[in-house]
Amino acid sequence: MSRYQQQSAAAAHVGGAKASTDGRRLRVGVIGLGIGRMHIEGWRQHPQVEVVAIADPDAERLAAVGDAFAITARHASAEAMLGTEALDVVSICTPNKFHRPLTLAAFAAGCHVLCEKPMALSAAEGREMLAAARQAGKRLMINFSYRFSAQSRALKAQVDAGVFGEFYFGRTVWHRRRGLPGFGGWFGTKALAGGGPLIDLGVHRLDLALWLMGYPKPTWVLGSTFDPIARELAAKSGKCFDVEDLAAALIRFDNGATLALEASWAANIGEAELMETRLLGTRAGLLQHNLDEGYRFDAHIFMEQNGAQFDLHLHPEAGEAPSAMHDFAEAILQERPHPASGEEGLVVMEILDAIYASARSGEPVRIAA
Ligand SMILES: NC(=O)c1ccc[n+]([C@@H]2O[C@H](COP(=O)([O-])OP(=O)(O)OC[C@H]3O[C@@H](n4cnc5c(N)ncnc54)[C@H](O)[C@@H]3O)[C@@H](O)[C@H]2O)c1
């Protein structure tokens with residue numbers, strides 16, 4: 001299964017063009033056609049959305065995706081697309097380094113933005129993107145896609161119903177036994193990616209845990225990064241790889257809750273792929289994890305009731321959930337706040353910055369109030 005096949009409310013601060021529910025259509029452009037293919041599929045779930053234009057400097061990809069989805073407006077650069085097409089929303093699906101400049105360009109062109117995770121290379125860049133969104137009166141959503149699964153949504157509904165009480169501890173993890181990206185590419189190059197598995201995989205599990213916990217405010221972080229497996233392999237290949245292959249951190253929040261976070265592209269573990277988020281609450285605990293070392297998920301609730309321990313298991317036929325793109329379109333059309341806001345993306349970036357800073361200094365790092 002390819003990387004793409006594997007992937008499947010906050011402030012709205014929105015002004016600009018008036019949305020309506022009277023059959024208005026949203027014209028969408030997609031920039032970057034790796035995971036961008038999945039965005040096109042996700043946008044097509046909404047009957048009032050049309051993906052009218054795509055952009056990618058890779059001519060082969062541009063032609064293949066254009067043909068696959070019958071999209072005729074094909075551009076070799078994002079700038080050409082933004083300069084010629086009248087778009088309502090843009091998906092930004094490029095290597096991380098380009099998230100900030102392309103988001104700013106999209107706002108300048110009058111578009112709402114769905115930006116891939118991570119939001120940017122750093123919290124400073126994220127702040128710039130948020131400021132630009134506010135100035136333009138446009139929306140910024142981050143594609144934290146793992147919270148949109150049926151299993152994640154079912155757990156969130158239980159959280160909102162008060163089933164768990166207060167969450168006080170959690171552990172959220174994405175490990176790969178051997179899932180290193182090819183050396184010499186952008187994923188393993190700090191200047192283009194901002195970091196390794198922490199910023200690539202860890203962001204998803206971090207967002208999922210934070211979202212279920214209600215995005216508490218982080219106060220300090222203790223983090224470590226390692227690269228023993230990748231360093232040796234990269235040295236043999238003679239190609240660039242200057243990010244971690246494993247990161248671990250302890251994050252403390254202002255309400256006293258504490259979250260352990262782990263992410264790796266290479267680790268000597270039994271599973272090819274291990275995704276797991278456990279949150280312990282005062283009244284119940286939850287577990288969201290992947291099945292069969294793949295990209296299907298499961299959800300459990302553990303609780304004590306009337307002196308007995310109960311396990312609740314979500315029915316395996318939980319069904320298909322709407323895509324992040326569908327929910328963004330619906331929020332725009334209904335003039336409602338959208339999920340996975342830029343503000344939440346910024347909290348994730350602040351935590352990542354602090355983890356990398358702590359790993360460098362060997363000291364805990366406080367996150368400014
Ligand atoms: N949400 C998810 O589950 C998920 C999954 C995979 C990737 N991602 C994210 O999506 C982004 C892209 O990852 P990918 O795996 O598709 O990478 P990729 O390298 O496969 O594809 C990136 C594409 O962007 C194009 N591109 C590069 N610079 C560009 C520019 N300036 N303008 C237009 N196009 C440009 C490249 O030619 C390439 O086709 C990353 O930020 C990554 O973290 C998210």
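Only a predicted model underlies this, so the values are computations on that prediction, with no experimental measurement involved.

Caption draft 1: Geometry of helix α7 (residues 150-160). The complete set of buried residues in α7 reads Ala-150, Gln-151, Ser-152, Leu-155, Lys-156 and Val-159. Contacts from the buried residues of α7 go to β7 (167-176), α9 (197-213), β12 (284-291) and β13 (296-305). Positive backbone phi, at 85°, marks Gly-162, one or two positions downstream of α7.

Caption draft 2: Inspection of the side chain of Ser-152 at higher detail. Here Ser-152 is to be found in helix α7. Here Ser-152 falls in the buried class, since its relative accessible area comes to 0%. One polar contact links the side chain of Ser-152 to the main-chain carbonyl oxygen of Tyr-146, over a distance of 2.8 Å. The contacts of Ser-152, once residues within four sequence positions are left out, are Tyr-146, Arg-147, Leu-208, Trp-211, Leu-212 and Gln-288.

Caption draft 3: Structural view of the packing of aromatic side chains. One pass over the structure, following the stated rule, counts 8 aromatic pairs. A ring pair is formed by Trp-43 and Phe-328, whose centres lie 6.4 Å apart and whose planes are at 40°; its orientation type is tilted. Here Trp-43 is found in helix α2 (residues 36-43), whereas its partner Phe-328 is found in helix α11 (residues 324-334), with 285 residues between them in sequence. By the burial criterion, Trp-43 is buried, and Phe-328 matches it. Its guanidinium or amino end placed over the ring of Tyr-356, Lys-190 lies 4.9 Å from that ring's centre, counting from NZ or CZ.

Caption draft 4: Spatial organisation of the sheet that holds strand β14 (residues 308-313). Spatially, 9 strands are ordered β14-β13-β12-β11-β7-β10-β9-β8-β15 in an open sheet, and the strand pairing comes out mixed. Since the sheet does not close on itself, it has two edges, and those belong to β14 and β15 (365-366), each with one partner. Inspection of the sheet shows β7 paired to strand β10 (residues 258-264) by 6 bridges, in the parallel sense. When the sheet's bridge partners are listed, Trp-174 is paired in β10 with Ala-263. Across the sheet, α7 touches β7, β12 and β13, and the angle it forms with β13 is around 25°.

Caption draft 5: Molecular detail of the side chain of Ser-323. Relative to the helices and strands, Ser-323 is located in the loop between β14 and α11. For Ser-323, a relative accessible area of 12% gives the class buried. Within polar-contact distance, the side chain of Ser-323 engages the backbone oxygen of Gly-42 at 3.0 Å. The contact partners of Ser-323, leaving out residues within four places of it in the chain, are Gly-42, Gln-45 and Arg-153.

Caption draft 6: Main features of the nonpolar core. In terms of nonpolar packing, the biggest core is built from 94 residues, with Trp-43 and Leu-140 touching the most fellow members. Of all the elements, α9 adds the most residues to this core, at 10 residues. Lining this core are residues from two domains, each supplying at least three of them: domain 1 (3-145 + 324-338) and domain 2 (150-319 + 350-366). Setting aside its immediate chain neighbours within four residues, Trp-43 contacts Val-28, Val-30, Val-49, Val-51, Val-89, Ser-91, Leu-114, Met-325, Phe-328 and Ala-329. Counting residues in each nonpolar core, the second largest holds 12 residues, with Leu-201, Val-243, Trp-265 and Met-275 among its members.

Procedures and definitions
- Residues numbered from 1 in each chain as written.
- Predicted model: local features only at pLDDT ≥ 70, side-chain atom pairs only at ≥ 80, totals over all residues.
- Heavy atoms only, no water.
- Buried < 20%, exposed > 50% of the residue type's maximum accessible area, 1.4 Å probe, protein only.
- Helix = DSSP H or I, 4+ residues; strand = E, 2+ residues; numbered from the N terminus.
- Contact = heavy atoms within 4.5 Å.
- Polar contact = N/O pair within 3.5 Å; in protein donor to acceptor, adjacent residues only side chain to side chain.
- Phe/Tyr/Trp six-rings, centres within 6.5 Å; stacked < 30°, edge-to-face > 60°.
- Lys NZ or Arg CZ within 6 Å of the ring centre and 35° of its normal.
- Pairing = 2+ DSSP bridges.
- Axes fitted to C-alpha atoms, helices over the stretch in contact; angles between N-to-C directions.
- Core = buried A, V, L, I, M, F, W, Y, C linked by side-chain atoms within 4.5 Å.
- Domains from an automatic or database assignment.

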